[in-house]
Amino acid sequence: MIIAKIIDNVWATRKDESLNGLKFMIAQLENGEKIVVCDYIGAGTGDMVLITKGSGARKVLENESIPIDAVTIGIIDGFEEGE
């Protein structure tokens, strides 16, 4: 799992048919990289989220053939960083 912050929405009127009805957002990872994620949990702009990537993302959506690479799986309420 990866920690990221949702920073914006993504709209795509033309896309693979299997993606219809899914919500896409831009997530900024801790290293500054930005990725597009499929929002599975109702996250909003500014939320800190947990993301899973690769085959784990497709398993969350219960469709191994869907062209998804990353999906939100949790909204973080808080965390403590150890020393």
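Novice: Sorry, what's going on with the overall build of the chain here?
Specialist: Within the chain, the secondary structure is distributed over one helix and five strands. The secondary structure elements of the chain, listed N-terminal to C-terminal, are β-β-β-β-α-β. The C-alpha atoms of the chain give 13 Å as radius of gyration, which agrees with the globular expectation for 83 residues (12 Å, within 12%). Judged by the C-alpha coordinates and their principal axes, the chain covers about 45 × 25 × 20 Å. For the chain, the proportion of its 83 residues judged to be buried stands at 30%. As displayed, the chain offers around 5500 Å² of accessible surface, 46% of which is attributable to carbon and sulfur atoms.

Novice: Teacher, can you tell me more about unusual backbone geometry here?
Specialist: Of all residues except glycine, most have a negative phi; of all peptide bonds, most are trans. With a phi angle near 55 degrees, Glu62 is a residue other than glycine that sits in the positive phi range. Tracing the backbone through its elements, the reader meets Glu62 in the loop between helix H1 (55-60) and strand S5 (70-75).

Novice: Just checking my understanding: could you explain the nonpolar core for this structure?
Specialist: One broad rule of soluble globular proteins: the nonpolar side chains tend to lie buried together. In this structure, Ala4, Ile6, Met25, Ala27, Leu29, Ile35, Val37, Ala43, Val49, Ile51 and Ala70 together form the largest nonpolar core, which totals eleven residues. Elements supplying a minimum of two residues to this core: strand S1 (2-10), strand S2 (23-29), strand S3 (34-39) and strand S4 (48-53). By residue number, the principal contributor to this core is S2, which donates three residues. Not counting residues up to four positions away in its chain, the partners in contact with Ile6 are Met25, Ile26, Ala27, Val37, Ala43, Gly44, Thr45, Gly46, Asp47, Val49 and Thr72. Within the second largest apolar cluster, eight residues are counted, among which are Cys38, Ile66, Ile68 and Val71.

Novice: Sorry if this is basic, but what is going on with a nonpolar patch on the surface here?
Specialist: Together, Tyr40, Ile41 and Ile75 make up an exposed nonpolar region whose accessible area comes to about 260 Å². Note on placement: Tyr40 falls in the loop between S3 and S4.

Novice: What is the right way to look at the side chain of Asp39 in this model?
Specialist: Among the structural elements, Asp39 can be located in strand S3. Only 3.1 Å separates the side chain of Asp39 from the backbone nitrogen of Ala43, close enough to count as a polar contact. Non-local contacts of Asp39, meaning those with residues more than four positions away in its chain, are made with Lys23, Met25 and Thr72.

Conventions adopted
- Residues numbered from 1 in each chain as written.
- Predicted model: local features only at pLDDT ≥ 70, side-chain atom pairs only at ≥ 80, totals over all residues.
- Heavy atoms only, no water.
- Helix = DSSP H or I, 4+ residues; strand = E, 2+ residues; numbered from the N terminus.
- Rg over C-alpha atoms; globule rule 2.2 N^0.38 Å.
- Buried < 20%, exposed > 50% of the residue type's maximum accessible area, 1.4 Å probe, protein only.
- Areas by Shrake-Rupley, 256 points an atom, 1.4 Å probe, with all protein chains shown as cover.
- Core = buried A, V, L, I, M, F, W, Y, C linked by side-chain atoms within 4.5 Å.
- Contact = heavy atoms within 4.5 Å.
- Patch = residues over 30% accessible without salt bridge, like charges linked within 9 Å, V, L, I, M, F, W, Y side chains within 5 Å.
- Salt bridge = Lys/Arg side-chain N within 4 Å of Asp/Glu carboxyl O.
- Polar contact = N/O pair within 3.5 Å; in protein donor to acceptor, adjacent residues only side chain to side chain.

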